[in-house]
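For reference, the chains in residue letters:
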Amino acid sequence: MGRSKLCTIVPTMQRCFFALIPLALLSALALAKPESGLWSLQPVRLPQTPTVQNTSWVRNPIDAFVLAKLEAKGWKPAPEADKRTLIRRVTFDLTGLPPTPQEIAAFLADKTPHAYEKLVDRLLASPHYGERWARHWLDLARFGESHGFEYDHLREHAWRYRDWVVEALNRDLPYDQFVREQLAGDVLPDASPIATGFLVAGPQDEAGKGAPGLQVRLRAREEELEDMIGLVGQTFLGLTTNCARCHDHKFDPIPAKDYYRLKAALAGVQPGNRSVLTQKQAEQRAEQVAVLRRKQAECQSKLRQIEEPTRTRLLAQARPVAPSPTPLLRFSFDEQGGQLALDGKTSRFQSEPLAMEIREKTLEAWVRLADLEQQGGSALTIETEGGAQFDGIVFGERQRGKWIAGSEFYHRTKDLNAPQETETGLVQVVIVYRADGHIQLFRNGKPYADAYQPEKAARTYPAGKTHLLVGPRHTGSTNFLKGELEEVRVYDRALTDAEVGESYQNAPFNISPETLTAALTQSERRQREVLQAESTRLAGELKTLEAPVQAYAAISQQPSPTYILPRGDVTAQGELVTPGGLSALTACNSDFGLAADAPEAERRLALARWLTDSRNPLTARVMVNRVWQGHFGRGIVSTASDFGNNGESPSHPELLDWLATAFSGPGEWSLKKLHRAILLSSTYRQSGQLDPQAAKTDADNQLLWRFAPRRLEAEAVRDSMLAISGKLNPALGGPSFRPFTVSNYGSDFYQLIDKDTPEFNRRALYRMGVQSARNPLLETLDCPDPSTKTPKRTVTTTPIQALALMNDSFVLRQSRAFAAKVIKEAGSLPDPQVTLVYTLAFGRPPTPTERRRALAHLKAHPLDSLCWALFNSSEFLYAK
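Remember, predicted model here, so these are calculated numbers, not experimental data.

## Observations regarding the overall build of the chain
Here comes step 1: Counting its regular elements, the chain contains 28 helices and 20 strands.
Here comes step 2: Dimensions of the chain, computed from the C-alpha atoms along their principal axes, are close to 105 × 80 × 55 Å.
Here comes step 3: When burial is assessed residue by residue, the chain has 54% of its 880 residues classed as buried.
Here comes step 4: Partitioning the intrachain contacts of the chain with sequence separation of at least 6 by distance along the chain shows that 71% fall at a separation of at least 24.
Here comes step 5: Summed over all atoms, the accessible surface of the chain reaches about 38,400 Å², with 54% contributed by carbon and sulfur.
Here comes step 6: Between the mean site of the 107 positive side-chain charges and the mean site of the 102 negative ones, the chain shows a separation of 4 Å.

Below, the structure is given as structure tokens:
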């Protein structure tokens, strides 16, 4: 469930890889000094564009740098790709979706010299561009929507950070501002705190941070900060800053002091849900809520004036149609005005000790819930002293929005196949505990779910040591019910189904809506309908306005002073340090000029400004390399998050600096302009034609003598199937869809589900990324663990992938939908069906051989089998 660890934790050297290295080798390494002349730390300078022989191939300086390397080898670039290949390639690159037949036809028909430029500009302006490139960024940010580790609790509001990234990319937020907002968006003017979700998007060790032992809590927090420091260093600087936690970095010029200076800059960041409203917005919302509440109170008052006289008359006339079951104990809260109000925080009611022993029993509560999202409070509990043993009517604990039979350690609790509660009005909830051990829940006189037999037998509650409790689930619980109780009852026997129904029908305060409506005059009914509609409208507006507008993001807390921890030991304390950057970057001052007790916000602001200082040689280099990797499958520096001595050297260092200079020039930092320059180059437009001579010495295509085919990422495969089958829901943004159900046993446990609904057919970007509920198809196709920083996805070829693409229910369902779409659009004749199937799947018509084979196949097999075969083909799975 938790993130995997490369390094072991040992008492004297936490998270240190060198603890695994033989002592003699470690001693030798300790004598070595990291290179001070590391290429990536040198200032970025605009290089001179090289002279080349084949000047007609050069469309922009990118081509000159690439061609110069090829000509030095005596090689030639591959011919330009045809228009069908180009539109499929660039559409996938910029949107993660295949081009439609209409888009292909329009591009082919455009004979103007700038047809390709217009295509690139259209795709960069598409909202799907932000979705596609947000996925690349979220891989770096180790974006997850659950905490991971043992508890793996959901993060209900993490999706706002994902949407912020999509929106920022779509509006081409300058990259330097993009960086600053993710570090300090909560304190920068005209920025959003949502952006700081970047810092806290990784796993959170709730068990460790909440452990009783101080050292365990301190270590868990140090792990969290190391993850954050590593994230900032690797993402923005391309350096493994986290490797200097226990000692000076063994390969790069990063002393341990620099690690702790970065820690001092980030030590005040805590993860959690926070409001994203400004103070002015919050005040405006509070004023709107007050106005709506006043209107709703007036509306309810008018409704009572219409209903109460009739209700009173009906109650006076009411006579039980059958003898009601008589409870052993009944509490109607008359001293509290007829209802017991529970605030969901501390409100509780506890009875005196019961004078009799209880085993077989029935618990009954008449309750109005104030919040259907609340979790774990009890409408009625019977418990022994201290709550060591209890049974109770509990709401929303293991299954949100559902009633369950709560019990100690869940001994008599079971997740129910029952509907979620939708009513905030008065409801009756009953739990019957039968002599044979069976337990059954009822709601409003009817079974709520099937009876079940728990693993542990029913408890006997001893006389004099048992009492009733309302509000918390049990004594000592921190979860309280929020709402009102009209009445609670306890029976010393198991009621029959009929008796539960009688209790509901004959309750003296229960006049059904139907009975009340029938007793009103026609005029009263009309007035009541108008007022009820108005009340419903007001309640909806109030629910929207009162719902917390929250994001899972950085919460600022003033940290204590930061000290170097020798060997990473949380029990040791070395030199006091102040917030700062990396001392090896001498061009921009690494001393932020802040005191050890500087305000938290100033620390992150200083770090953000230092990272985006125009003199910082790493920030621009690292990002242009990431964009290059996104288009070619390999960066100019192949180790995209390691520009240190352990990383690879750049294949085209001058090109890297030319891109970095153009990207970070005054008024620039435009990612869309960077994309455009790369995509319009002849280098990008090459075909995948193989040159045997070049392949012998440069099989990895480092010198870019052709465009190497690349397999689509897992999400692009899934989304393409949906797009081609006509099932894709293109809705942008909003809460993630949840392809699972959740059970809570202290930890959250997830059961995967697969539905064919518009919500489940959104793009994979909007799938809730839970660390212990990963999608099997996506995982098989190398979708990374969301808890890990992934600068470059691995691409494997395994038998499991073939089996998944052949047999996964999603693939089979999309194959059937694909076939249905083809039949609808192409008719019932096989020949036009084959043409459309190939055009949709591959962006081209079938060859004569393919057509002949497909038609022969359709004589013996249904159309969906042909669609399925194309979904399993290499041409569908690769962009070339």
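## Brief notes about empty space enclosed by the protein
Here comes step 1: Evaluated as defined, the whole model comprises 3 cavities of 30 Å³ or more.
Here comes step 2: If you add up the space inside the largest cavity, you get close to 310 Å³.
Here comes step 3: Arg135, Gly769, Cys783, Pro784 and Pro786 are, among the 24 residues lining the largest cavity, the residues nearest its centre.
Here comes step 4: Only helix H6 (127-140) and helix H22 (776-780) provide two or more residues apiece to the lining of the largest cavity.
Here comes step 5: It is H6 that provides the largest number of residues to the lining of the largest cavity, a total of 3 residues.
Here comes step 6: Its residues assigned to classes, the lining of the largest cavity comprises 9 nonpolar, 4 polar and 11 charged.

## Digging into a nonpolar patch on the surface
Here comes step 1: Taken together, the side chains of Ile800, Leu803 and Met806 make up a nonpolar region of the molecular surface, amounting to roughly 270 Å² of accessible area.
Here comes step 2: In this structure, Met806 sits in helix H23 (residues 799-807).

## What about the nonpolar core?
Here comes step 1: Counting 115 residues, the largest nonpolar core has Tyr116, Trp137, Tyr175 and Leu199 as its most contacted members.
Here comes step 2: Looking at this core, the element that brings in the most residues is helix H17 (residues 617-632), giving 8 residues.
Here comes step 3: Look past the residues within four positions of Tyr175 in its chain and what remains in contact with it is Trp137, Phe236, Thr619, Met623, Phe663, Trp669 and Leu671.
Here comes step 4: Within the second largest apolar cluster, 39 residues are counted, among which are Leu712, Leu781, Leu836 and Tyr838.

## Concerning the packing of helix H3 (residues 83-95) against helix H5 (residues 115-124)
Here comes step 1: As a packed pair, H3 and H5 sit with axes 10 Å apart at the nearest point and diverge in direction by 20°. On the basis of the axis angle, H3 is roughly parallel to H5. As H3 runs across H5, the sense of the crossing is right-handed. In this structure, H3 uses Lys83, Leu86, Ile87, Val90, Thr91, Leu94 and Thr95 to contact H5, whose residues at the interface are Ala115, Tyr116, Leu119, Val120, Leu123 and Leu124.

## Observations regarding the packing of helix H12 (residues 279-317) against helix H15 (residues 522-546)
Here comes step 1: Where H12 meets H15, the closest approach of the two axes is 9 Å, and the angle between their N-to-C directions is 155°. Judged by the inter-axis angle, H12 sits roughly antiparallel to H15. As for the relative orientation of H12 and H15, their crossing is left-handed in sense.
Here comes step 2: Its residues assigned to classes, the contact of H12 with H15 comprises 10 nonpolar, 8 polar and 10 charged.

## What to know about the environment of Ser787
Here comes step 1: Positionally, Ser787 belongs in the loop between H22 and H23.
Here comes step 2: For Ser787, a relative accessible area of 4% gives the class buried.

## Concerning helix H8 (residues 175-184)
Here comes step 1: Across the 10 residues that make up H8, a large majority, 10, are buried.
Here comes step 2: Of the positions making up H8, those classed as buried are Tyr175, Asp176, Gln177, Phe178, Val179, Arg180, Glu181, Gln182, Leu183 and Ala184.

## Some details on the sheet that holds strand E6 (residues 377-384)
Here comes step 1: The sheet built from 5 strands is open, its strands ordered E4-E12-E6-E7-E8 with antiparallel pairing. The open sheet is flanked by strand E4 (349-350) and strand E8 (403-407), the only strands paired with a single partner.
Here comes step 2: Sheet topology places strand E7 (residues 390-395) next to E8; 5 bridges connect them, and they run antiparallel. The partner of Ile393 across the bridge, within E8, is Ala405.

What counts and what doesn't
Residues numbered from 1 in each chain as written. Predicted model: local features only at pLDDT ≥ 70, side-chain atom pairs only at ≥ 80, totals over all residues. Heavy atoms only, no water. Helix = DSSP H or I, 4+ residues; strand = E, 2+ residues; numbered from the N terminus. Buried < 20%, exposed > 50% of the residue type's maximum accessible area, 1.4 Å probe, protein only. Contact = heavy atoms within 4.5 Å. Areas by Shrake-Rupley, 256 points an atom, 1.4 Å probe, with all protein chains shown as cover. Lys, Arg positive; Asp, Glu negative; His and termini not counted. Charge placed at Lys NZ, Arg CZ, Asp CG, Glu CD. 1 Å grid on protein atoms, 1.4 Å probe; cavity = no way out; pocket = protein on both sides within 12 Å on 5 of 7 lines; lining within 4 Å. Points joined across faces, edges and corners; volume = space filled by probe spheres on them. Nonpolar A, V, L, I, M, F, W, Y, C, P; charged D, E, K, R; others polar. Patch = residues over 30% accessible without salt bridge, like charges linked within 9 Å, V, L, I, M, F, W, Y side chains within 5 Å. Salt bridge = Lys/Arg side-chain N within 4 Å of Asp/Glu carboxyl O. Core = buried A, V, L, I, M, F, W, Y, C linked by side-chain atoms within 4.5 Å. Axes fitted to C-alpha atoms, helices over the stretch in contact; angles between N-to-C directions. Parallel < 35°, antiparallel > 145°, perpendicular 65-115°, else oblique. Left-handed = near helix turned anticlockwise from the far one by under 90°. Pairing = 2+ DSSP bridges.

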